[in-house]
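These are the residues of each chain, in order.
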Amino acid sequence: MSGYVGRLAPSPTGALHLGNARTFMIAWLRARACGGKVVFRMEDLDHPRDKPGAAAAAVEDLRWLGFDWDEEYVQSERRAVYRAALARLDAYPCTCSRKDVACAQSAPHAGEQLFYPGTCRGRYASWDEAAAACVPRLPCWRFRVPEGTVVRFNDAFAGPYEQDVSRTLGDFPLARDPDGAGYTLAAMVDDLQMGVTEVVRGDDLLPATPPQILVARQLGRNHPAYCHVPLIVGTDGRRLAKRHGDTRLSAFRAAGVAPETIVGWLASTCGWNAKRTPTRLRSLIGRSPLETIPHEAVVWTGSFT
Ligand code: GLU
Ligand code: ZN
């Protein structure tokens, strides 16, 4: 039995689309090909951006495509775990504007991260003092990033990656308040606790990885391996969105498209199915090398054929 543990970690902020499906397919096959385990984790800490019903719909969409998993977790039920981890980190309360903290509740996809100049560093002696200065809002918690904090790791797909977190992000947000863990904190704590050995996700999250590594280090743990793969984009080269037509999995299903048609097309974009033959997800196990996946983004032209 292999020690590999992978994960699928959707956010219920909207319906799953083709791009999510491709990344999940690569993640799932990485795990299944070596007899590893798949953890399913619902990343639902971003109220009010989370949409009612989206979590259940994501499960339904993924099962329809042929995904399965061995363990299932819901982040909103794990707040005590994040609170305990937060208490062990070198963090301080910040009373600045809430905007960038609100963004950080969800995974900050490329271009969504903001630099914080450390305004509140050393400003308050305690959480209570910061809270008193902030009424009626609550302060947030920020991770102290010392000057010259350069993080390097070797991505299984993207190759060597390096980022000076003190210059790109500064003291990044961990939690909206003591009970309000954000993405960086929750995802890293979960990856560690759930024994995830490799994180496979979209390469727009590459710049979100170094802060997670800093969290892991400060918790005294080794971070998992990483494998960031390119996204699907529209013909305008931009990340798949509504303007590219309806690419929600549920919309294809409602239109009578077979899951095998979608999987067959997705596999073709990875170099695993040149003829775009309709394919069952399961039949790709062991036929899904990383090496054939193009390093450029995949373009969705609006058709599976
Ligand atoms: N839940 C995040 C998202 O859907 C993914 C986070 C991750 O894979 O680390 O954007
Ligand atoms: Zn501040």
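Details of the structure are given in the entry above.
The rules behind these values
- Residues numbered from 1 in each chain as written.
- Chains lettered and ligands numbered in written order.
- Predicted model: local features only at pLDDT ≥ 70, side-chain atom pairs only at ≥ 80, totals over all residues.
- Heavy atoms only, no water.
- Pairing = 2+ DSSP bridges.
- Helix = DSSP H or I, 4+ residues; strand = E, 2+ residues; numbered from the N terminus.
- Axes fitted to C-alpha atoms, helices over the stretch in contact; angles between N-to-C directions.
- Donors = N, O, S within 2.8 Å, 3.2 Å for Na, K, Ca; no water.
- Tetrahedral: all angles 85-135°; square planar, octahedral: opposite > 155°, others 65-115°.
- Buried < 20%, exposed > 50% of the residue type's maximum accessible area, 1.4 Å probe, protein only.
- Parallel < 35°, antiparallel > 145°, perpendicular 65-115°, else oblique.
- Left-handed = near helix turned anticlockwise from the far one by under 90°.
- Contact = heavy atoms within 4.5 Å.
- Nonpolar A, V, L, I, M, F, W, Y, C, P; charged D, E, K, R; others polar.
- Near = heavy atom within 4 Å.
- Polar contact = N/O pair within 3.5 Å; in protein donor to acceptor, adjacent residues only side chain to side chain.
- Areas by Shrake-Rupley, 256 points an atom, 1.4 Å probe, with all protein chains shown as cover.

Draft legend 1. Up close: the sheet that holds strand S1 (residues 5–8). Spatially, the 3 strands line up as an open sheet ordered S1-S2-S3, and their pairing is parallel. A strand with exactly one partner marks an edge of an open sheet, and here the two such strands are S1 and strand S3 (71–74). Pairwise comparison of adjacent strand axes, ignoring direction, gives a mean angle of 25° for this sheet. The sheet contact formed by strand S2 (residues 37–42) and S3 spans 4 bridges and is parallel.

Draft legend 2. Representation of the coordination of the zinc ion (ligand 2) within the structure. Protein ligation of the zinc ion (ligand 2) involves Cys94 (SG), Cys96 (SG), Tyr116 (OH) and Cys120 (SG), the donor distances falling in the range 2.1 to 2.3 Å. What the 4 donor atoms of the zinc ion (ligand 2) show is an angle range of 100 to 119° at the metal, which sorts the shape as tetrahedral. Site description for the zinc ion (ligand 2): donor spacing in sequence, C-x1-C-x19-Y-x3-C. A residue pair is termed long-range when its members are at least 10 positions apart, and Cys96 in the loop between strand S4 (91–94) and helix H4 (99–103) and Tyr116 in the loop between H4 and helix H5 (127–132) qualify at 20 residues. Classification of Tyr116 by relative accessible area gives buried; the value is 5%.

Draft legend 3. Region of the structure containing the packing of helix H7 (residues 183–193) against helix H8 (residues 209–218). Closest axis-to-axis distance for the H7/H8 pair is 9 Å, and the angle between their directions is 55°. When the interaxial angle is binned, H7 and H8 end up oblique. Of the two elements, H7 crosses H8, and the hand of that crossing is right-handed. Mapping the contact onto sequence places Tyr183, Thr184, Leu185, Ala187, Met188 and Leu192 in H7 and Pro211, Gln212, Ile213, Val215 and Ala216 in H8. Here the residues of the contact of H7 with H8 are counted per class, giving 9 nonpolar, 2 polar and no charged.

Draft legend 4. Spatial organisation of the site of ligand 1. Taken together, Arg7, Ala9, Pro10, Ser11, Glu43, Ala107, His109, Tyr183, Arg201 and Leu205 form the complete shell of residues around ligand 1. Within the side chain of Glu43, a nitrogen or oxygen atom sits 2.5 Å from a nitrogen atom of ligand 1. Contact between ligand 1 and Tyr183: an oxygen atom at 2.6 Å from a side-chain N or O atom of the residue. Expressed as a share of its isolated accessible area of 300 Å², the protein-covered part of ligand 1 is 87%. Of the residues assigned to the shell around ligand 1, the class counts are 5 nonpolar, 2 polar and 3 charged.

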